[in-house]
Amino acid sequence: YSLTANSPSNCVASTAITVSVSAGLPTLAVSSTTNNACLGQMITLSATGAVTYTWTGGVVNNVAFSPTTTSNYTVIGQNGCGTNSSVVSVSVNPLPVSFVNTPSAACMGQATSLTASSSVTGFTWMPGSVTGASVAFAPTVATIYTVTASNGTCIGTGTVSLPVNPVPTINVSSSA
């Protein structure tokens, strides 16, 4: 539609507007790059069939995000005739991390080896920010070690508690 107006001083102004006619309520089609993501993985939820889209959970249509928990995401699509909604489920699974060897205790100040296993090759141990699947620590007190396994996208963690036994004190005396 266009409109042209003349003022009393013969000034002319024109404008135009396009009007879209909707056939009825929007029919939404929803897609996801994956419905089964690992913790830390980016996914994209996309809806089509409406003019505007509002998602739950802070999701923006066609913009990648990293879900942290298994959730249902609802999208409301709107056009000039009204709204319609659709739900998509996304499962988030942590990357499994297991321990190959876990000593029952360590001797104070003596090296003890801990080894983690996962489907990825990147491991970081805390405390200490030590990297590698198999690491050695020489704890002086009982410590809880946390290992984070990651391939740069997917993340998993595991913890192991390592009690520390004191080194025995030996006293030698002679009786002569």
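Residues numbered from 1 in each chain as written. Predicted model: local features only at pLDDT ≥ 70, side-chain atom pairs only at ≥ 80, totals over all residues. Heavy atoms only, no water.

To continue, consider unusual backbone geometry. Cis geometry is adopted by the peptide bond preceding P127, which originates at M126 and carries an omega value of 0°. Tracing the backbone shows P127 in the loop between strand 12 (122-126) and strand 13 (130-131). The residue N62 is not glycine, and still its phi comes out positive at about 65°. By secondary structure assignment, the location of N62 is in the loop between strand 6 (52-55) and strand 7 (71-79). Positioned with a positive phi, S129 is a non-glycine residue whose angle comes to about 55°. Summarising the element assignment, S129 is placed in the loop between strand 12 and strand 13. On the accessibility criterion, S129 (47% relative accessible area) is partly exposed. (Helix = DSSP H or I, 4+ residues; strand = E, 2+ residues; numbered from the N terminus. Buried < 20%, exposed > 50% of the residue type's maximum accessible area, 1.4 Å probe, protein only.)

Below, the discussion takes up a nonpolar patch on the surface. A surface patch of nonpolar side chains, about 520 Å² in accessible area, is lined by Y1, I17, V19 and V21. For Y1, the location among the structural elements is in the segment before strand 1 (2-6). Judged by its relative accessible area of 73%, Y1 falls in the exposed class. (Patch = residues over 30% accessible without salt bridge, like charges linked within 9 Å, V, L, I, M, F, W, Y side chains within 5 Å. Areas by Shrake-Rupley, 256 points an atom, 1.4 Å probe, with all protein chains shown as cover. Salt bridge = Lys/Arg side-chain N within 4 Å of Asp/Glu carboxyl O.)

As a further point, take the state of the cysteines. Overall, the coordinates contain one disulfide when judged by the stated rule. Between the sulfur of C38 and that of C154 lies a disulfide, 1.6 Å long from S to S. The chirality of the disulfide connecting C38 with C154 is left-handed, given an S-S dihedral of about -60°. Highlighted residues: C38 in strand 4 (residues 36-38) and C154 in the loop between strand 15 (143-150) and strand 16 (155-162), separated in sequence by 116 residues. Neither C38 nor C154 differs from the other in exposure class; each is buried. (Disulfide = S-S within 2.5 Å.)

Moving on: the pairing of strand 11 (residues 112-117). Strand residues, when the strand is regular, have side chains that alternate between the two faces of the sheet. For strand 9 (residues 98-101) and strand 11, the ladder comprises three bridges, and the chain directions are antiparallel. Within strand 11, the position partnered with N101 by the bridge is T115. Examined bridge by bridge, strand 11 and strand 14 (residues 134-137) share four bridges and lie antiparallel to one another. Residue pairing across strands places L114 opposite V135, the latter belonging to strand 14. (Pairing = 2+ DSSP bridges.)

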